[in-house]
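Observations on chain architecture
Listed below, chain by chain, are the residues.
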Amino acid sequence: FPGELTVTRDQYANWFQLIKDAGFNSIRLYTLHFPHFYEVLDSFNLANPHNPLFFFQGVWLEEEFDGFYGNLFFLTDAFTQEIEENVDCVHGNRIIEPRLGKAWGTYQTDVSRWNMGYIIGREVHPGEVLLTNAINSSHTSFFGDHFAIEDVLPTEAWVVSRLDHLVGYEYRGYGTQRPVSFSS
């Protein structure tokens, strides 16, 4: 399940082989996994250089956050941190202190060459969209360094701003860009 992160190295290695044997070449992650996921993936791909297993890194948008009652703009700072952590971890450049219910550890294996893109967010509930649009009615456009959108609902402008931040963060820090998408 997406939120179950207690998988062993051997389980990951077995799953990667089963995925390849089934004919797939990529997987989607809903959220950041513990460092050993990325270490095992890197080892698996180095052992299979002509047939690697690619991944799409998901960046989870929290649903249960103190003070959050549905306005997505309230989550901007926390989601920005989550985006940056994920990008750094994919590039093997982050230490995350232990935390409850989320992956943590020392991310030092750069698996970015196997990353096909980022899928940020989660299924946003209709009530969140309605409340976000009502509270932030003046936010009907966004003009960033990589993406721009105008004459849209505030929720759409917010999503585009987060995608722009991810692309800019990875480019400034690592000199590369990947496709991005929002899950909803």
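Before going into details, it helps to say that this report is about the structure given with it. This one's a predicted model, so the numbers in the text were calculated from it and none came from an experiment.

Quick look at the side chain of E170 now. Checked against the element boundaries, E170 lands in helix α5 (residues 154-174). Look at E170 and you get buried, because its relative accessible area is 0%. Within the structure, E170 has its side chain in polar contact with the side chain of R178 (distance 2.6 Å). Dropping the residues within four chain positions of it, E170 is found in contact with V87, H91, Y118, G175, T176, Q177 and R178.

With that settled, consider the sheet that holds strand β8 (residues 180-183). Strand order in the open sheet formed by four strands is β1-β2-β5-β8, and the pairing between neighbours is parallel. Both outer strands of the open sheet, β1 (26-28) and β8, are each paired with one neighbouring strand and no more. Averaged over all pairs of adjacent strands, the angle between strand axes in this sheet comes to 20 degrees, irrespective of strand direction. Summarising the sheet, strand β2 (residues 54-59) and strand β5 (residues 115-121) pair through five bridges and their orientation is parallel. Looking at β5, one finds that V59 is bridged to I120. The strands that helix α3 (residues 76-90) touches are β2 and β5; relative to β2, the one it contacts most, it runs at about 155 degrees.

Let's shift gears to the packing of aromatic side chains. One pass over the full model with this rule turns up 12 aromatic pairs. Both rings, one in F34 and one in W104, keep their centres 5.9 Å apart while their planes meet at 80 degrees; by these two values the pair is edge-to-face. Placement of the pair is F34 in the loop between β1 and α2 (35-47) and W104 in the loop between β3 (94-96) and β4 (105-107), with a sequence separation of 70 residues. Ring-pair connections join several aromatic residues into one group, and the members of that group are Y12, W15, F16, F37, Y38, F44, F55 and Y107. The ring of Y30 has R28 sitting right over it, with the charged end atom 4.1 Å from the ring centre.

Let's shift gears to the side chain of N136. Along the chain, N136 falls in the loop between α4 (126-135) and β6 (141-143). Reaching out from N136, the side chain makes a polar contact with the backbone oxygen of T132 at a distance of 2.8 Å. When sequence neighbours within four positions are dropped, the list of residues in contact with N136 reads N71, F73 and P154.

Moving on to the pairing of β5. Most of β5 sits inside the fold, with six of its seven residues counted as buried. Alignment of β5 against β8, held across four bridges, turns out to be parallel. If you follow I119 over to β8, its bridge partner there is S181.

Take the nonpolar core next. Of all hydrophobic cores here, the largest spans 38 residues; its most connected members are F16, F37, Y38, F55 and I120. Elements with a contribution of two residues or more to this core: α1 (9-21), α2, β2, α3, β5 and α5. With residues near it in sequence (within four places) discarded, F37 still touches Y12, F16, I27 and L29.

Pairing of β1 with β2, which is carried by three bridges, proceeds in the parallel orientation. Bridging from a neighbouring strand, I27 pairs with F55 of β2. Between β1 and its parallel partner β2, the chain crosses via α2, and the hand of that crossover is right-handed.

Basis of the calculations
Residues numbered from 1 in each chain as written. Predicted model: local features only at pLDDT ≥ 70, side-chain atom pairs only at ≥ 80, totals over all residues. Heavy atoms only, no water. Helix = DSSP H or I, 4+ residues; strand = E, 2+ residues; numbered from the N terminus. Buried < 20%, exposed > 50% of the residue type's maximum accessible area, 1.4 Å probe, protein only. Polar contact = N/O pair within 3.5 Å; in protein donor to acceptor, adjacent residues only side chain to side chain. Contact = heavy atoms within 4.5 Å. Pairing = 2+ DSSP bridges. Axes fitted to C-alpha atoms, helices over the stretch in contact; angles between N-to-C directions. Phe/Tyr/Trp six-rings, centres within 6.5 Å; stacked < 30°, edge-to-face > 60°. Lys NZ or Arg CZ within 6 Å of the ring centre and 35° of its normal. Core = buried A, V, L, I, M, F, W, Y, C linked by side-chain atoms within 4.5 Å. Right-handed = clockwise from strand over helix to strand, strands pointing away.

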